[in-house]
Structure formats: C-alpha cells, structure tokens
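What the coordinates show
One-letter residues, chain by chain:
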Amino acid sequence: MRLKTLALGIGMAVSALALSSQVNAQTTMRISISVAQNSHQGVAIDTFAKEVEKRTAGRYKIQTFYNGSLGGERESIEAVQLGTQELAFSSSGPVPNFVPETKILDVPFLFRDKAHARAVLDGPIGQELLAKFDAKGFKALAWAENGFRHMTNSKRDVLTPDDLKGLKMRTMENPVHIAAYKAFGIITTPMAFPEVFTALQQGTVDGQENPLPVIISAKFDQVQKHLSLTGHVYSPCILLMNKAAFEKLSTADKQSFIDAAKEAARLNRARVDEDDAKGVADLRSKGMTVIDNVDKSKFVAALTNVNAQFEKEFGKANLDRIRNFK
C-alpha cells in the first residue's frame, strides 16, 4: 500500500512538473537593427521586445541585436525570409529587392510632411502594401519611421542640385534612390549601412544621406562637415517577421505581436520627432555647418526627367493617390 502511495505521489509530482514546464515554456526569437541601441530604431525594437513578453505572459522572449551585429539590413531581411532569423526592423532601403511594390514609397518629394506620410502608411495604401509581403515569406507587422532624408558631405555646402555634381555619395541599395541621385549629378555608391562610417572616415565616399535621427545616432558629425536639410525622400521603417513563424502563433498571440509592433511604431515615431526637434542645434554644436534654407523647388525641377520615368513605372494615378491623400 505504501509503495502504491509512493508511486502515486511520484506520478503526481512528475505530472505537476511537466505541467509547470509547459506553462513556463519560453520561445526565444531574435530581432536586429543596423544602427545603435540609443536611436529611434533601438526604441522600436526594445519596445517591441518588452511588449511581446508582457502581452504573451513571458511565453515569448525577443532578443535584440544592434549595430548590424547580425548583418546589414538586406542580410537581416534575407535571414527573416529564409527563416534563419525570426524578426528584423529595417528602413525601406533594401525592401524593394524583396517586395517591388514598395518602391513607390521611395520616390523623392512624394510626401508633404511626416503627418502626411504617417497617414498614408497607416491608412488603406499602407495596409495594401503590408499585405504584399505575405507572398514573399514575410508577415509585415507594422510601418514605422526613419524620417525625412538629408544630405551630408565632407567637401562643401550644398544649396542647389549643382552643388551635388561630382560628389561621391553612399546610397542605400535602392533603385529608386539611385536613379534620382544620378539625376542630381551624384556619383552613387550603394553600400550596406554598417560600412558607411568607415567609408566616410577613409574618404572612400564624400557623403551620405539619411534622416537626422540616423545622422545623430551614427555620429556622422565626426566624419562629415556639411549638412543640408534637403528632405528629399521620406524614409519609412518596417517591422518584419518570418511568415512561417508568425503562422505558428495562436490567434491571440498573433494579435499580441501585431499590437506590440504598433506600440513600437508609436514610440519610434515619437523619438523621430524628438530627434528632429533638437537635431539641428545638436549637430551645429558638434561643429557641422547646417544649411536649413535649401530651395527644394530647384531639387524638384532637377528631377523632371526621372519623375517622368517614375510615372511610367508606377502609374501617375498611383503616385497622385499618395500625393493627394488626406
């Protein structure tokens, strides 16, 4: 009898341990960015990680990686597509290589301001684009933000497109950007972001273009003298997940991941606003010459021919749908 009682007790203990193990089982996933943790993108993935863990009662833990430690943006997106990495947070730069329909967002001077861009991305146009990722092996969880891109260089002040002629500039691996910048007379040099600081430091390229939050977090003021607030392209970010990994989630957990991504995007945009508000004064204090009275109409005019090409490629009606969205 005592043996039976002992066996029963052991069986109950083993069952309780197994149940406890199931309850406390934790799945770990990875997410990466190409810039520093103390940045608008760092805010995004740190918030996402915290929110996922909270919303799933600790059943999912998101490991965060910074400064391109898992590769540049293109490499990280490829890893997510292949399933060797579960999540990535990326600028839109390399995204058209995977989902060509997103190229339209990179057309210069397409958006009036951040409020306009955010409304487009959060509205039906942005949601239609997010849905395009499903067929490519991704679940696109949310649009977030880099901000409006500006130009820096080590050679001279840039007030007009003529001042850009002959400058060797790092560009993202993005065909729309490259076509537009060639129209400015720039010698374009596509390069992954983790390589940019060293290339600027060594003089391999004269300049680069990025939003203020990136310029600040990457410390480009250390290797660039001149900043022009051209605001020539709005740069979204996107939070991507491997489609198969997303499909394995329960219905409730899928919603938790989506809600966590939306909260990450909200705080990411708030940090962009903060960096934009203080960025110019901050960079001037560090010795950069900042041109804040750029005549954007001259830059738009310099793109007349390439814009005609964009209208053929994307359709004027599609571009106007974005331009006129309210």
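A quick note: this is a predicted structure, and the numbers were derived from the prediction, not measured.

About the criteria used
Residues numbered from 1 in each chain as written. Predicted model: local features only at pLDDT ≥ 70, side-chain atom pairs only at ≥ 80, totals over all residues. Heavy atoms only, no water. Helix = DSSP H or I, 4+ residues; strand = E, 2+ residues; numbered from the N terminus. Contact = heavy atoms within 4.5 Å. Areas by Shrake-Rupley, 256 points an atom, 1.4 Å probe, with all protein chains shown as cover. Lys, Arg positive; Asp, Glu negative; His and termini not counted. Charge placed at Lys NZ, Arg CZ, Asp CG, Glu CD. Expected span 1.5 Å × (residues − 1). Buried < 20%, exposed > 50% of the residue type's maximum accessible area, 1.4 Å probe, protein only. Core = buried A, V, L, I, M, F, W, Y, C linked by side-chain atoms within 4.5 Å. Axes fitted to C-alpha atoms, helices over the stretch in contact; angles between N-to-C directions. Parallel < 35°, antiparallel > 145°, perpendicular 65-115°, else oblique. Left-handed = near helix turned anticlockwise from the far one by under 90°. Nonpolar A, V, L, I, M, F, W, Y, C, P; charged D, E, K, R; others polar. 1 Å grid on protein atoms, 1.4 Å probe; cavity = no way out; pocket = protein on both sides within 12 Å on 5 of 7 lines; lining within 4 Å. Points joined across faces, edges and corners; volume = space filled by probe spheres on them.

The next thing to look at is the overall build of the protein chain. Scanning the protein chain for helices and strands turns up 13 helices and nine strands. With the principal axes as the frame, the protein chain shows a C-alpha extent of 95 × 45 × 30 Å. Taking as baseline every contact in the protein chain between residues at least 6 positions apart, the subset at least 24 positions apart corresponds to 75%. When the accessible area of the protein chain is evaluated, it comes to approximately 14,400 Å², of which 53% is carbon and sulfur surface. When the 42 positive and 36 negative side-chain charges of the protein chain are each reduced to one mean point, those points stand 4 Å apart.

Residues lying three or four places apart along an α-helix face the same way, a consequence of the helix completing one turn every 3.6 residues. In this model, helix H2 (residues 40-55) (16 residues) spans 22 Å end to end at C-alpha, consistent with the 22 Å of a helix rising 1.5 Å per residue. For H2, the full list of buried residues reads His-40, Gln-41, Gly-42, Ala-44, Ile-45, Thr-47, Phe-48, Ala-49, Glu-51 and Val-52. Directly after H2, the chain includes Ala-57, whose backbone phi takes a positive value near 55°.

Before going further, it helps to spend a moment on the environment of Asn-268. Looking at the secondary structure, you find Asn-268 in helix H10 (residues 251-285). C-alpha of Asn-268 to C-alpha of Gln-81: the two residues are 187 residues apart in sequence and 24 Å apart in space. Ignoring anything within four residues of it in the chain, the contact list for Asn-268 reads His-40, Gln-41, Val-43, Ala-44, Phe-89, Ala-144 and Glu-145.

Grouped together as the largest cluster of nonpolar side chains are 48 residues, with contacts concentrated most on Phe-48, Ile-62, Leu-87, Phe-89, Leu-141, Met-241 and Phe-257. Of the residues forming this core, the biggest block, eight residues, is contributed by H10. Counting residues in hydrophobic clusters, the runner-up holds 46 residues, among them Phe-98, Leu-167, Tyr-234 and Leu-303.

Bringing the packing of helix H4 (residues 114-122) against H10 into the picture now. Put simply, H4 and H10 touch, their axes get as near as 13 Å, and they point 165° apart. As judged from the angle between their axes, H4 and H10 are roughly antiparallel. Crossing geometry of H4 relative to H10 is assigned as right-handed. Here H4 contributes Lys-114, Arg-118, Leu-121 and Asp-122 to the contact with H10, which in turn contributes Arg-269, Val-272, Asp-273 and Asp-276. A class-by-class count of the residues in the contact of H4 with H10 yields two nonpolar, no polar and six charged.

Bringing the layout of surface pockets into the picture now. Of the pockets and cavities examined, the largest pocket occupies roughly 300 Å³. Considering the residues around the largest pocket, the lining is formed by 15 residues, among which Gln-127, Leu-130, Leu-141, Ala-142 and Lys-262 are closest to the centre. Secondary structure elements with two or more residues in the lining of the largest pocket: helix H5 (124-131), strand S4 (138-153) and H10. For the lining of the largest pocket, the class distribution of residues is eight nonpolar, one polar and six charged.

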